[in-house]
Amino acid sequence: MIDSQGRVDTNIRATVRLQFHKEFTLDDAVPLVPYFASLGISHLYTSPLTTARPDSTHCYDVVDPTCINPEIGGEPALKRLVRELKQHQMGLILDVVSNHMAVGGSANRWWLDVLEWGTISPYSRFFDIDWHSHDPFMKGLILLPFLRTDYGEVLANNEITVHYDQHTGEFYAAHYDHRFPLYPPSYESILALSTQRELRALAAKFGQLEYDLAARPRASELKNELRRRADLDSGMLSINECLTAFESSVSENRNRLHELLEQQHYRLAGWRTASDDINWRRFFDINELCGLRVEDPVVFEATHEKIFDMISAGWIDGLRIDHVDGLANPRAYCRKLNRRIGRLLSERNRNTPEKSFPIYIEKITGECERIPTGWGVAGSTGYDFSNQVSLLQHDPAGESVLTRLWEETSQRPANFMAEVYEAKKLLLTTALAGDFETVAQGLLQIAREQAETRDLTLGSIRRALTELVAHFPVYRTYVGPCGRSADDELFFRAAVKCAGETLSAADWPTLERIDQWLGTETLRQLRPGSSRTLRRQVLTRFQQLTSPAAAKSVEDTAFYRAGVLLSRYDVGFDAQNFSAPVESFHYECQQRLRRFPHSLLNTATHDSKRGEDVRTRLAVLSERASWFAEKLQQWRAMAEPLLRLTPEGPAPTPGDEAILYQTLLGSWPLTLDPRNQAGLRIYLERLLQWQQKALREAKLQSSWSAINQAYESACADFLTRLLTSPDTQQLRDSIAEAALAIAPAGALNSLSQCLLRMTCPGVPDLYQGTELWDFNLVDPDNRRRVNFDLRIKALNQARDFPELLAQWRDGHIKQWLIAKTLDTRKKHPRLFSLGTYLELPVKGEKGGHIVAFARCLEDDFAVIAAPVRSACLLDGDNSPRVGADHWHDTFIELPEALQANTMHSAFGGPDIEVLSGRILVADLLQNFPVNFLLSRKIEQEANS
């Protein structure tokens, strides 16, 4: 493995991603380690392991980064897992959430301390809170948008209650599961109502506390005194009597409670206020996730303390950084983390050979964007590869037919970037309005500081900023004190140009100034002082705005609105591109080898919008576009009686109906009989979950913030009757027949994708359970518990390949391919860690249906070949393998340096002859759908 500092370590061959939660714990993973080892996996790659919110299903909502989550077994279970991994010469890669923590509820002690003490809390610097809000009523306060509805209504309904915690001696307000500590001096308002003289005297002492650091130890003393008083029956009785005076069902009590809450360092508010009034950075638009300031050294050490301990102990062997683009300075963070880990490893490995420690970043790149070098990372989590192989598998000939079909059916634009632009403008005025306003107000302050710009209005700044962000072509830039890099400048120029085209001429000067303030004029050109500080803060906030604006508009909106072909809409995909030639795929592989040769390669993750094998099946529609267009028209006509009239019109809309049919085609289980009511009911429950999420994420007819129950119910009824009503049997049969008709070509795409992921430059990453067919939908569907017993049994079965091919629907052929390929990687680690990548020309009548390349190291080499866009070659065959006679004269041409007499397949079978530097594809793929050849020399070395 070559890490960011150039050191070599070939131990990391392949990873498997596991999602831990209380229903699948660390101890549950221990007995699975031998299975993963047999499959060829070298490292487990885990979801976050530190303590998350109770009952979390994903564990990205961390509430305590200083200890291992007890719900998944805690530190003892982690020790057992690490011990088992080491016994199988395997390692552990940990997912780290550096960007945010879960807030609200009652589990995050750091957050609760901030609520209690405000800016004098030692943890106030931990969270990305604007204590100097442009709203004068929020100065020194933090907005808490956790109430179920408006504050006044909640107050009137007695839904905010005041309590006393006898264990801690503290008073707090509560709203359902949310706990809001009260500022100790405000205890006076409660205890002063006591009939006991001692408690009234204690009230006065609380009221005398000053707002400074000295108040904290003094408050602790007073709380202990209050606990002693409360331990007496009469004391607790009196405290309870005081609390009844704050039950807000009575008008006088309501006013008293309101006055008490007004004394706090926070303002309680309904959840809807967050979009406009939020004064702290969230993870996207999620009110329960607050941004962390890991750029602060104290915060960095505190939030990474447990991780560093585990590295020092030798428990973990790599990190994945979640949502790195949310950080104030991703480059500085990654470099600092790399250096810190380097020191830990040096101390740990004083008497042993030093191994690399890869850091992978979750980074989504836009078109023409690449992960910056010099960050001290080994690469990304692999979304870019998933996009590249998807582009390879889509036939450009189908684009025009499917584009026209979508436009005519849905009456929505087929231009994906038009959907993104519309979605961004919506989000900047709704879910991200508060974040947007923070940047706009900051720009206004900058304008006011200079005589030549003081007349720029807030309205003009808002208009120009809106268009700039809406046209921004990437998630974010990384502008620093020295200004923009060449890439950043390119992205800014593109955004400014497009923004200028949609702005009125009157706002062009404002746009030019914003462009200047955000980087063309570097921070180093400014004198140190408040102006420079303000400029840096606004630049940081801008770069932290474009990232969620892109994510929310693309991943969580446009991907659910667009419907030309759903297989091109997934996390990390540049969906404005329908397909790409094989030369583009080769170029990207060569670039990865040059820049990040050990980046992860994924085709499925916990965040995928649809399973990897759903996408490969749907990609077949690009080859059968006219056929699909006819089917869609037939199905819409047959389903017309199922439509229901809602206030917005018939439901579902034509666009939503078309997306549903694609989803059915892609995810229809291979063994599901359309007349099996029990099986259809199970499938229906999964689809209903997907449908509700899809409708709300699209934000066209319904949304999470404004649920359209009538429309959602009508759509659910449509889907339910389609799958279960006797009246729709003919339609159901037709959809199932169509799904199974494209299934063999989809399966062949899947096997090709699988082989490419394991042999291209990089480290293949397998998402839990996807070693068999992956027809999952978006979460929570793709996070269901995996039946590993079934997979272990399948791997242990001794079946020859013809039987696996004949029974391909059970998915065992995919698992076999993974195990065989990873076993070969294990035998030849240097070839895949250090070997070059060589594009191999494919010539002949069907040359456009094969991708082929070689991995070379010194005199050793391997040849990999896989069919692409080959549905036409299956010719109705019910097996995911193109018959040898369909390849005709097609051959792979080897350069002279790689020519040998024969080559051996990693999958077994007879040797493949190399005649005059050519490999006939008919020979190569005579026995296997895809193939992986090794030169006889390295095969003999491996066997010896």
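Above this text sits the structure in question.
Below is a short write-up of the structure. (Residues numbered from 1 in each chain as written. Predicted model: local features only at pLDDT ≥ 70, side-chain atom pairs only at ≥ 80, totals over all residues. Heavy atoms only, no water.)

Some details on unusual backbone geometry
At the junction of A651 and P652, the peptide bond is cis and its omega measures out at 0° in the coordinates. Assignment of secondary structure puts P652 in the loop between β19 (649–651) and α25 (654–667). Its identity as a non-glycine residue notwithstanding, Q89 has a phi of 55°, on the positive side. Relative to the assigned elements, Q89 resides in the loop between α3 (74–87) and β5 (91–96). Even without being glycine, S916 reaches a positive phi, approximately 55°. The residue S916 is located in the loop between β27 (912–913) and β28 (918–920) in this model. Looking at S916, the relative accessible area reads 74%, which means it is exposed. (Helix = DSSP H or I, 4+ residues; strand = E, 2+ residues; numbered from the N terminus. Buried < 20%, exposed > 50% of the residue type's maximum accessible area, 1.4 Å probe, protein only.)

Section: the pattern of salt bridges
In total, this model carries 62 salt bridges according to the counting rule given. R148 is paired through a salt bridge with E159; the nearest N and O atoms lie 2.7 Å apart. Here R148 is found in the loop between β7 (142–147) and α5 (151–156), whereas its partner E159 is found in the loop between α5 and β8 (161–165), with 11 residues between them in sequence. Owing to a relative accessible area of 38%, R148 belongs among the partly exposed residues under this scheme. Exposure remark for E159: the relative accessible area of 13% places this residue in the buried category. Between K363 and D325 there is a salt bridge whose closest N-O contact spans 2.9 Å. Taken together, the residues span a long stretch of sequence, with K363 in the loop between β15 (359–361) and β16 (379–380) and D325 in the loop between β14 (318–321) and α13 (330–348) at a distance of 38 residues. (Salt bridge = Lys/Arg side-chain N within 4 Å of Asp/Glu carboxyl O.)

Quick look at the sheet that holds strand β13 (residues 286–291)
Spatially, 3 strands are ordered β6-β13-β12 in an open sheet, and the strand pairing comes out antiparallel. At either end of the open sheet lies a strand with only one pairing partner, and these are β6 (100–102) and β12 (282–283). Alignment of β12 against β13, held across 2 bridges, turns out to be antiparallel. Across the sheet, residue F283 finds its bridge partner in β13, namely I286. (Pairing = 2+ DSSP bridges.)

Observations concerning the pairing of strand β23 (residues 850–857)
The element β23 is extensively covered by neighbouring structure, given that 8 of its 8 residues are classed as buried. Both faces of β23 are covered, namely the face carrying I850, A852, A854 and C856 and the face carrying V851, F853, R855 and L857. Judged from the 4 bridges that link them, strand β21 (residues 836–839) and β23 form a sheet pairing that is antiparallel. The residue bridging T836 from the neighbouring strand is C856, located in β23. For β23 and strand β24 (residues 860–867), the ladder comprises 8 bridges, and the chain directions are antiparallel. The residue bridging A852 from the neighbouring strand is A865, located in β24. Where β23 folds back on β24, the antiparallel hairpin that results is connected by 2 residues, among which E858 adopts a positive phi of roughly 55°.

With respect to the packing of helix α24 (residues 625–639) against helix α28 (residues 729–759)
At a minimum axis separation of 10 Å, α24 and α28 run at an interaxial angle of 160°. As summarised for this structure, α24 and α28 are arranged roughly antiparallel, according to the angle between their axes. When the axes of α24 and α28 are compared, the crossing they make is left-handed. Contacts between α24 and α28 involve W627, W635, M638 and A639 from the first element and Q730, L731, S734, I735, A738 and I742 from the second. Here the contact of α24 with α28 is built from residues that sort into 8 nonpolar, 2 polar and no charged. (Axes fitted to C-alpha atoms, helices over the stretch in contact; angles between N-to-C directions. Parallel < 35°, antiparallel > 145°, perpendicular 65-115°, else oblique. Left-handed = near helix turned anticlockwise from the far one by under 90°. Contact = heavy atoms within 4.5 Å. Nonpolar A, V, L, I, M, F, W, Y, C, P; charged D, E, K, R; others polar.)

Some points on the packing of aromatic side chains
In total, this model carries 38 aromatic pairs according to the counting rule given. Seen in terms of ring centroids, Y123 and F126 are 5.1 Å apart; in terms of plane orientation they differ by 80°. Their pairing is edge-to-face. Each ring, one from W773 and one from W808, has its centre 6.5 Å from the other, and the planes form 80°; the classification is edge-to-face. Of this pair, W773 sits in the loop between β20 (763–767) and α29 (788–796) while W808 sits in the loop between α30 (801–806) and α31 (812–827); the two residues are 35 residues apart in sequence, bridging distant segments of the chain. The same class applies to W773 and to W808, which are both buried. (Phe/Tyr/Trp six-rings, centres within 6.5 Å; stacked < 30°, edge-to-face > 60°.)

Focus: the environment of R791
When you line up the elements, R791 lands in helix α29. With 102 residues separating them in the primary sequence, R791 and E893 have C-alpha atoms 38 Å apart. With sequence-adjacent residues up to four places away left out, R791 is seen in contact with Y35, G769, E771, L772, V786 and Q815.

Considerations on the sheet that holds β15
What the 8 strands build is an open sheet, ordered β16-β15-β14-β5-β2-β1-β20-β17; its pairing is parallel. In this open sheet, the two strands that pair with only one neighbour each are β16 and β17 (600–601). Examined bridge by bridge, strand β1 (residues 15–18) and β20 share 3 bridges and lie parallel to one another. For T15, the partnering residue across the bridge sits in β20 and is D765.

Purely geometric numbers; function is a separate question.
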